[in-house]
Amino acid sequence: MRTALVTGASGQDGQHLCRLLVSKGYRVFGAVRPRADGISESRSGVVPGVVPLEVDITHHDAVIAAVEQSAPDEVYNLAAQSSVIGGETNRLATAEINGLGAIRVLEAVRDRFPKARFCQASSSRIFGGEPGTRTEQSSIFPASSYGAAKAWAHGEVVRARQVGGVHASNAILFNHESPFRPPHYVTRKISAAAARIALGDSTPVVLGNLDAIRDWGWAPDYVEAMWRMVQHPIGDDYVIATGIAHTVADFCDVAFAHVGLHWRDHVTTDVTLVRSDEPAIIGDASHARKQLGWSPTRTFTEVVRAMVDADLVALSPAHEPI
Ligand code: NAP
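Thresholds applied
- Residues numbered from 1 in each chain as written.
- Predicted model: local features only at pLDDT ≥ 70, side-chain atom pairs only at ≥ 80, totals over all residues.
- Heavy atoms only, no water.
- Helix = DSSP H or I, 4+ residues; strand = E, 2+ residues; numbered from the N terminus.
- Rg over C-alpha atoms; globule rule 2.2 N^0.38 Å.
- Contact = heavy atoms within 4.5 Å.
- Areas by Shrake-Rupley, 256 points an atom, 1.4 Å probe, with all protein chains shown as cover.
- Lys, Arg positive; Asp, Glu negative; His and termini not counted.
- Charge placed at Lys NZ, Arg CZ, Asp CG, Glu CD.
- Phe/Tyr/Trp six-rings, centres within 6.5 Å; stacked < 30°, edge-to-face > 60°.
- Buried < 20%, exposed > 50% of the residue type's maximum accessible area, 1.4 Å probe, protein only.
- Lys NZ or Arg CZ within 6 Å of the ring centre and 35° of its normal.
- Core = buried A, V, L, I, M, F, W, Y, C linked by side-chain atoms within 4.5 Å.
- Domains from an automatic or database assignment.
- Buried area = accessible area lost by both parts, 1.4 Å probe.
- Salt bridge = Lys/Arg side-chain N within 4 Å of Asp/Glu carboxyl O.
- Polar contact = N/O pair within 3.5 Å; in protein donor to acceptor, adjacent residues only side chain to side chain.
- Nonpolar A, V, L, I, M, F, W, Y, C, P; charged D, E, K, R; others polar.
- Pairing = 2+ DSSP bridges.
- Right-handed = clockwise from strand over helix to strand, strands pointing away.

Student: I'm lost on the overall build of the chain in this one. Help?
Tutor: Of regular secondary structure, the chain possesses 10 helices and 15 strands. Taking 2.2 N^0.38 as the reference for a compact globule, 322 residues should give roughly 20 Å; the C-alpha atoms of the chain span a radius of gyration of 19 Å, in line with that estimate. Each principal axis of the C-alpha atoms in the chain carries an extent, and together these give about 55 × 45 × 40 Å. Within the chain, counting contacts between residues at least 6 apart in sequence, those at least 24 apart form 76% of the total. Split by element, the accessible area of the chain, about 14,000 Å² in all, is 52% carbon and sulfur. Of the charged side chains in the chain, 30 are positive and 35 negative, and the gap between their average positions amounts to 4 Å.

Student: Sorry if this is basic, but what is going on with the packing of aromatic side chains here?
Tutor: To describe a pair of aromatic rings, you give the distance between the ring centres and the angle between the ring planes. Under the defined criterion, the tally for this structure stands at 4 aromatic pairs. A ring pair is formed by F251 and F300, whose centres lie 5.8 Å apart and whose planes are at 80°; its orientation type is edge-to-face. Taken together, the residues span a long stretch of sequence, with F251 in helix α8 (residues 248-258) and F300 in helix α10 (residues 300-315) at a distance of 49 residues. One exposure class covers both F251 and F300, and it is buried. Three or more aromatic residues joined by ring pairs form one cluster here, namely W216, F251 and F300. Over the face of the ring belonging to W227 we find K24, whose NZ or CZ atom lies 3.9 Å from the ring centre. Positioned above the aromatic ring of Y185 is the side chain of R181, whose terminal nitrogen or guanidinium carbon lies 4.1 Å from the ring centre.

Student: Where do I start with the nonpolar core in this structure?
Tutor: In globular proteins that are soluble, nonpolar side chains generally tend to be buried together. Within the largest apolar cluster, 32 residues are counted, with the highest numbers of intra-cluster contacts made by V6, L21, Y76 and I240. Excluding its chain neighbours within four sequence positions, the residues that come into contact with Y76 are A4, L5, V6, T7, L17, L21, C119, M226, W227, V230 and Q231. Of all hydrophobic cores here, the second largest spans 28 residues; its members include A195, V205, L207 and W218.

Student: So what exactly am I meant to see when it comes to the domain arrangement of the chain here?
Tutor: When the parts of a complex come together, some accessible area is lost, and that lost area is often used as the size of the interface. Domain assignment breaks the chain into domain 1 (3-176 + 219-240) and domain 2 (182-214 + 245-279 + 298-315). Listed as interface residues are 12 residues of domain 1 and, on the opposing side, 7 residues of domain 2. Surface buried jointly by domain 1 and domain 2 totals about 750 Å² across both partners, of which 51% is contributed by carbon and sulfur atoms. Linking domain 1 to domain 2 there are 0 salt bridges. In this structure, the connection of domain 1 to domain 2 is made through 2 residue pairs in polar contact (both at pLDDT 80 or more). Across the side of domain 1 that touches domain 2, the residue classes break down as 4 nonpolar, 6 polar and 2 charged.

Student: Mind showing me how you'd approach α8 here?
Tutor: Residues that lie three or four places apart on an α-helix share one face, since the helix turns once every 3.6 residues. In terms of residue burial, α8 counts as a mostly covered element, since 8 of its 11 residues are buried. Among the residues of α8, those classed as buried are V248, A249, F251, C252, V254, A255, F256 and H258. On its buried face, α8 sits against α6 (186-198), β9 (205-207), β13 (246-247), β14 (267-269) and α10. Positive phi shows up at G260, right after α8, with a value of about 75°.

Student: How should the environment of S169 be read in this particular structure?
Tutor: Within the element layout of this structure, S169 appears in strand β7 (residues 168-173). Note on S169: relative accessible area 0%, which makes it buried. The sequence separation of S169 and R35 amounts to 134 residues, and the corresponding C-alpha distance is 30 Å. Excluding residues that lie within four positions of it along the chain, S169 makes contacts with F118, C119, Q120, V157, R161, M229, G235, D236 and D237. A polar contact is formed between the side chain of S169 and the backbone nitrogen of D236, at a distance of 3.1 Å.

Student: Which parts of the structure should I look at to understand the environment of G11?
Tutor: Here G11 lies in the loop between β1 (3-7) and α1 (12-23). In this structure, the C-alpha to C-alpha distance between G11 and L78, residues 67 residues apart in sequence, is 8.2 Å.

Student: Can you walk me through the pairing of strand β2 (residues 27-32) in this structure?
Tutor: Remark: a regular strand shows side chains that alternate across the two faces of the sheet. Of all 6 residues making up β2, 5 are buried, and the element is well covered by its neighbours. With 5 bridges connecting them, β1 and β2 associate as parallel partners. Within the sheet, the bridge partner assigned to A4 lies in β2 and is V28. The parallel pair β1 and β2 is bridged by α1, and the resulting crossover is right-handed. Judged from the 5 bridges that link them, β2 and strand β3 (residues 50-54) form a sheet pairing that is parallel. The residue of β3 that forms the bridge with A31 is L53.

Printed below as a string of structure tokens:
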């Protein structure tokens, strides 16, 4: 039986990855951030069959203890302050968690279990600049504090592989969604609003830039990609993306149409929600397709509909998915 340590186990990807690993017969340790009140809210998100460990990745001793206790064959560092907006309002914490925290986990693994394989949840936000397509060779030029911290960790993973001989990979993840997305993210805000309005609450949803472009995929596909890169004989960096651009308005269109509504009747905008750090980029996942045999399993429309269906069920348990 192989053993995996997953940080950020209670997050969207952490839950999908833990499910995947449990289904594959792994012994899984899921690291979740402890809560000040002692009742770990995030532990409720730990998947059944996973051994929960309370670890704040900004705490050196806790990280070492988790690595020693789990004695992992594979380590997936998903823990992050994952909001780009949150990164701007709290730059120091973002640097601590997304930069130094990731490096701390990597160093603990390298020091205690150097044969363990390591996967870092890197991000498309390490790229910035002009609109267009990004590959593993594209310039790293982050336009946000979140992206800058991710870029720092990304570089250390490359060094651990090239100089330290560690089997270490960066999953350069473009946006990916699922019903586990927290409610304050724009996609979940839209899917929840479509469900809520379809069920009779007519309050409009307020959004920022409807023309903002994203390359959106299905979260379970992206954790499958992370698992595949860890199984590959050689660690490497992989862009994980669909390669297809959609706007926030497209997301609204599909979500509201799925419940028989027109989005323009229910969406309003607020200029204060418009952001300046939104590079209009898509990812080219050719390297992952070729080396890992990976490709997305769900279309954009299927992703949006699945999220609306899940929100309909959450708001109205009697509802049957459309
Ligand atoms: P998520 O749902 O926000 O999950 C992140 C997890 O990290 C949460 O469970 C959070 O715990 C935990 N965490 C935060 N700070 C921590 C700390 N100091 N110590 C320990 N745990 C901490 O994010 P996600 O969507 O699953 O994303 C997974 C990873 O992929 C992240 O690294 C993210 O930056 C990266 N990524 C995601 C996307 C995407 O579209 N989803 C795109 C590119 C990259 P709490 O519950 O306590 O906050």
